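Structural overview
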Amino acid sequence: MVSGFTMAFSVHDVSRGGMLSCAAGNPQKEPSVIPFDEAMFRFGTAGTLLLLYGLTEAFARRGGAGSDRPGVPPPRWLKPASFVAISAFYLLIAPTGGAMLGGWGNVVGIALAGFAMALRFAVRRGVPSLRHPTVGVRMVFYASLPLAVGVPWGWLVLTAPAVVLSAWCSVREDRILCERLGASYADVMSRTHRWVPGMW
């Protein structure tokens, strides 16, 4: 009887130990708030945010008062360069994207993208202290996009090139307008900043 009890106890211990080691070998991943670990969900999020920002841009341009100075067409290579950067970002969504901080980081990124859209509409009539407010707002959006879909490499392949190229284009536009308009635009430049009030 003792022998039977001992055997049953041993089998129970072995079975319990096996279950514990299986659980230790396959730790459960903490579920995120929203399924950002699903690649299709991340693709859908990125596409939706880009579409919404594009619509916001279109409505803002239609509702704006128009520019008080001549526009400068961007260089021809800017659109292809932007396409390459966005394509590289999309190629990283599936292999490197995911939930950040349990999904809360992604939620913050989406909220920041929404803030950029609201800000874009708010500056549609211009900002007295800034010469290129719409470009600065666009940089906020491009900074929020990698966070929204959990792709940290996106800051390198999308956000950084966007900031560098946009800064170069803003400086180029100021130079061309200064050549065209002379002292009047030089005076505007002395009283305003490009993207950020009091900074640049």
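So, here is what we can say about the structure in this document. (Residues numbered from 1 in each chain as written. Predicted model: local features only at pLDDT ≥ 70, side-chain atom pairs only at ≥ 80, totals over all residues. Heavy atoms only, no water.)

**Overview of helix α2 (residues 39-63)**
- The terminal C-alpha atoms of α2 lie 36 Å apart, and with 25 residues this matches the ideal 36 Å at 1.5 Å per residue to within 8%.
- For α2, the set of buried residues is R42, T45, A46, L49, Y53, T56, E57 and A60. (Helix = DSSP H or I, 4+ residues; strand = E, 2+ residues; numbered from the N terminus. Expected span 1.5 Å × (residues − 1). Buried < 20%, exposed > 50% of the residue type's maximum accessible area, 1.4 Å probe, protein only.)

**Some points on the pattern of salt bridges**
- Applying the stated criterion to the full structure yields seven salt bridges.
- As a salt-bridge pair, R138 and E57 come within 3.9 Å of each other at their nearest N and O atoms. You can see R138 sitting in helix α5 (residues 133-149) and its partner E57 sitting in helix α2, a full 81 residues away along the chain.
- Classification of R138 as partly exposed rests on a relative accessible area of 22%.
- Ionic pairing is found between D174 and R131, a salt bridge with its closest N-O pair at 2.9 Å. Here R131 lies in the loop between α4 (104-122) and α5 and D174 lies in helix α6 (residues 154-181), a separation of 43 residues in the sequence. (Salt bridge = Lys/Arg side-chain N within 4 Å of Asp/Glu carboxyl O.)

**Quick look at the packing of α2 against helix α3 (residues 78-96)**
- Between α2 and α3, the least distance of the axes is 8 Å, while the angle of their chain directions is 150°. Put simply, α2 runs roughly antiparallel to α3. α2 and α3 meet at a crossing whose hand is right-handed. Only F89, Y90, I93 and A94 of α3 make contact with α2, whose side of the interface consists of A39, R42, F43, A46, G47 and L50.
- Looking at side-chain class alone, the contact of α2 with α3 contains eight nonpolar, one polar and one charged residues. (Axes fitted to C-alpha atoms, helices over the stretch in contact; angles between N-to-C directions. Parallel < 35°, antiparallel > 145°, perpendicular 65-115°, else oblique. Left-handed = near helix turned anticlockwise from the far one by under 90°. Contact = heavy atoms within 4.5 Å. Nonpolar A, V, L, I, M, F, W, Y, C, P; charged D, E, K, R; others polar.)

**A short note on the nonpolar core**
- In terms of nonpolar packing, the biggest core is built from 24 residues, with L49, F89 and F141 touching the most fellow members.
- When residues of this core are traced back to their parent elements, those giving at least two are α2, α3, α4, α5 and α6.
- Here the element with the most residues in this core is α5; it accounts for eight residues.
- Beyond its immediate chain neighbours, meaning those up to four positions away, F141 contacts L49, L50, Y53, A113, A116 and M117. (Core = buried A, V, L, I, M, F, W, Y, C linked by side-chain atoms within 4.5 Å.)

**A closer look at the environment of I86**
- Within the secondary structure, I86 sits in helix α3.
- Given the relative accessible area of 25%, I86 is considered partly exposed.
- As a C-alpha pair, I86 and G154 span 68 residues in sequence and 9.0 Å in three-dimensional space.
- For I86, the contacting residues outside a window of four places in its chain are Y142 and L158.

**Considerations on a nonpolar patch on the surface**
- A cluster of nonpolar side chains, contributed by L51, L52, L55, F59 and F121, occupies part of the molecular surface with about 480 Å² of accessible area.
- Looking at which element gives the most residues to the nonpolar patch, the answer is α2, with four residues.
- Inspection of the secondary structure assignment puts F121 in helix α4.
- Exposure remark for F121: the relative accessible area of 37% places this residue in the partly exposed category. (Patch = residues over 30% accessible without salt bridge, like charges linked within 9 Å, V, L, I, M, F, W, Y side chains within 5 Å. Areas by Shrake-Rupley, 256 points an atom, 1.4 Å probe, with all protein chains shown as cover.)

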